[in-house]
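Secondary and tertiary structure notes
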Amino acid sequence: MSAHRRRVLLFAGTGLVTLLVLLTVSLTTGTMPIPAGTALRALVGLGDSGDVLVVQEFRAPRTFAAIVAGAGLGAAGCVLQRLFRNPLASPDVMGVTGGASLGAVSLLATGAAQTLIPLGALGGGLLAALLLGVFNWGSGLAVTRLVLTGLAVQAALAAAVNLMIVRFPAELAGSALQWTTGSVYGRTWTEVWGGASAMTAALAVALVMNRRLAVLDLGDDSAGALGLNTSRARLQLLLLAVVLASLAAALAGPVTFVALAVPHIVRFLTGPPTAVTLALAALTGAVLLLASDLVVQHLLPVEGLPVGAVTATLGAPWLLVLMLRQSSPVNVKRNS
């Protein structure tokens, strides 16, 4: 067995064990501590009715929402960074988070039921993708123009969201602001099952399309010589990444940092991308978002803080370091 394969297997095994440990901690800790065995029985509806209520109705939906959303963000970040060959690419850069926020806040403004808010987020993310396609179709979806257009779309959508929040009545402004920060609090099983089903289908498509991503890794000229329509493949992969990120935003809001950091973590610990890189990115994203939510719930003194506040705090210095590395003389010379 090669050293690279051993690293991949070790990383996957460690990630799965970590996820199971975090899952257990999430189900057992809180205002009312529950032993691990009791919590796992309560998860399937066995045991004391009080334990079943706490685990099934409050802790488990939040836990699984974080896992599903984290997996989608990790996979979306992996696709975008490989697609654009840019370590700074993420759903934030492409305007997906701005679109998700606009969709959700627009529904909040109309007084729609809380269960419809995730659908608004999904629609807003897809709207961002539509805008990207419209503004870039004539250019053949050139990478540089896509990134610049994505930044412009993100800025415009974020400005629209801020304007709406400022003009909201006071009772709506608080909930809108919390949602746009990113949170898995108050998720229901209906939302979790719907999001998990859609996310599973999207991840399956991503694994099937991984071969096109690998061909694009060779460069447009080589990919074209192998018979791949690079513009069409890039558009398909971009839409796939948008769907993954939008589904995550529908569950957790526009959580930052996860999609940006996960590809770097996977690449640093496992090396160059392989056929299992997307699966490892999804696993790492689930671990990272669930761990961040546990930090919010149990380690910070501020009650009710959304998980997006923690990930944004981590993401700011991470992004600064990445930008400094990209602008260093060594990297500038390598990319020139």
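In this report, the structure presented in the accompanying data block is examined. Quantities reported herein were computed from a predicted structural model and do not represent experimental measurements.

**Things to note about the overall build of the protein chain**
When helices and strands are counted, the protein chain shows 15 helices and zero strands. In summary, the protein chain has a C-alpha radius of gyration of 20 Å against a globular reference of 20 Å for 336 residues, a match within 12%. Sequence-distant contacts in the protein chain: of pairs separated by 6 or more residues, those separated by 24 or more amount to 75%. When the accessible surface of the protein chain is split by element, carbon and sulfur atoms take 69% of a total near 15,800 Å².

**Examining the pattern of salt bridges**
Any two side chains of opposite charge can pair, given that their charged atoms come close. Scanning all chains against the criterion turns up three salt bridges. For Asp217, the salt bridge is made with Arg82, and the minimal N-O distance between the two is 2.5 Å. Separated by 135 residues along the polypeptide, Asp217 in the loop between α9 (210–216) and α10 (220–225) and Arg82 in helix α3 (residues 49–84) bring together distant segments of the chain. Exposure remark for Asp217: the relative accessible area of 32% places this residue in the partly exposed category. For Arg82, a relative accessible area of 11% gives the class buried. In this structure, the salt-bridge partner of Glu191 is Arg187, at a minimum N-O distance of 2.9 Å. Note on accessibility: Glu191 and Arg187 belong to one class, buried.

**Overview of the layout of surface pockets**
Approximately 710 Å³ is the volume found for the largest pocket. When contributions to the lining of the largest pocket are tallied by element, the ones reaching two or more residues are α3 and α13 (277–298). Counting residues per element, the lining of the largest pocket draws most heavily on α3, at six residues. For the lining of the largest pocket, the class distribution of residues is ten nonpolar, twelve polar and five charged.

**Structural notes on the packing of aromatic side chains**
Considering all chains together, one arrives at two aromatic pairs under this definition. Ring plane angle 40° and centroid distance 6.1 Å describe the contact between Phe64 and Trp189, whose orientation is recorded as tilted. Taken as a pair, Phe64 in helix α3 and Trp189 in helix α8 (residues 189–208) lie far apart in primary sequence, 125 residues in all. Phe64 gets classed as partly exposed once you look at its relative accessible area, which sits at 23%.

**Here's the deal with a nonpolar patch on the surface**
Where nonpolar side chains cluster on the molecular surface, the patch consists of Leu127, Leu130, Val134 and Phe135 and spans about 380 Å² of accessible area. Taking relative accessible area as the criterion, Val134 reaches 56% and is therefore assigned exposed.

**Brief notes about helix α11 (residues 230–252)**
Between the first and last C-alpha of α11 there are 32 Å, a value that for 23 residues agrees with the 33 Å anticipated at 1.5 Å per step. Gly253, located one to two residues past α11, shows a positive phi value of around 80°.

**Quick word on the side chain of Thr97**
Assignment of secondary structure puts Thr97 in helix α4 (residues 96–109). Assessed through its relative accessible area of 9%, Thr97 is described here as buried. With residues up to four places along the chain from it excluded, the contact list for Thr97 reads Pro91, Asp92, Gln154 and Pro254.

**A look at empty space enclosed by the protein**
Tallied over the entire structure, the rule returns two cavities of 30 Å³ or more. As a volume, the largest cavity reaches approximately 50 Å³. Taken together, Leu73, Ser90, Pro91, Asp92, Thr97, Val255, Thr256, Phe257, Val258, Ala259 and Leu260 make up the full set of residues lining the largest cavity. The element contributing the most residues to the lining of the largest cavity is helix α12 (residues 258–270), with three residues. A class-by-class count of the residues in the lining of the largest cavity yields seven nonpolar, three polar and one charged. Forming the walls of the second largest cavity are Leu73, Pro91, Val96, Thr97, Ala245, Ala249, Gly253, Pro254 and Val255. Of all the secondary structure elements, the ones that give two or more residues to the lining of the second largest cavity are α4 and α11. Its residues placed into classes, the lining of the second largest cavity shows seven nonpolar, two polar and no charged.

**Description of the side chain of Ser26**
Relative to the helices and strands, Ser26 is located in helix α1 (residues 3–28). The class for Ser26 is buried, based on a relative accessible area of 5%. One polar contact links Ser26 to Thr63, side chain to side chain, over a distance of 2.4 Å. Contacts of Ser26, omitting those with residues within four sequence positions, involve Arg59, Thr63, Leu290 and Leu294.

**A closer look at α3**
Helix length check: α3 (36 residues) gives 51 Å between terminal C-alpha atoms against 52 Å at 1.5 Å per residue, within 8%. Along α3, the largest kink reaches about 40° and is centred on Arg59; proline Pro61 follows within four residues of it. Where burial is concerned, most of α3 is hidden: 29 out of the 36 residues are buried. In this structure Asp48 caps α3, since a side-chain oxygen of it lies 2.9 Å from the backbone nitrogen of Gly50.

Conventions and cut-offs
Residues numbered from 1 in each chain as written. Predicted model: local features only at pLDDT ≥ 70, side-chain atom pairs only at ≥ 80, totals over all residues. Heavy atoms only, no water. Helix = DSSP H or I, 4+ residues; strand = E, 2+ residues; numbered from the N terminus. Rg over C-alpha atoms; globule rule 2.2 N^0.38 Å. Contact = heavy atoms within 4.5 Å. Areas by Shrake-Rupley, 256 points an atom, 1.4 Å probe, with all protein chains shown as cover. Salt bridge = Lys/Arg side-chain N within 4 Å of Asp/Glu carboxyl O. Buried < 20%, exposed > 50% of the residue type's maximum accessible area, 1.4 Å probe, protein only. 1 Å grid on protein atoms, 1.4 Å probe; cavity = no way out; pocket = protein on both sides within 12 Å on 5 of 7 lines; lining within 4 Å. Points joined across faces, edges and corners; volume = space filled by probe spheres on them. Nonpolar A, V, L, I, M, F, W, Y, C, P; charged D, E, K, R; others polar. Phe/Tyr/Trp six-rings, centres within 6.5 Å; stacked < 30°, edge-to-face > 60°. Patch = residues over 30% accessible without salt bridge, like charges linked within 9 Å, V, L, I, M, F, W, Y side chains within 5 Å. Expected span 1.5 Å × (residues − 1). Polar contact = N/O pair within 3.5 Å; in protein donor to acceptor, adjacent residues only side chain to side chain. Bend = angle between axes of the 7 residues up to and from the residue.

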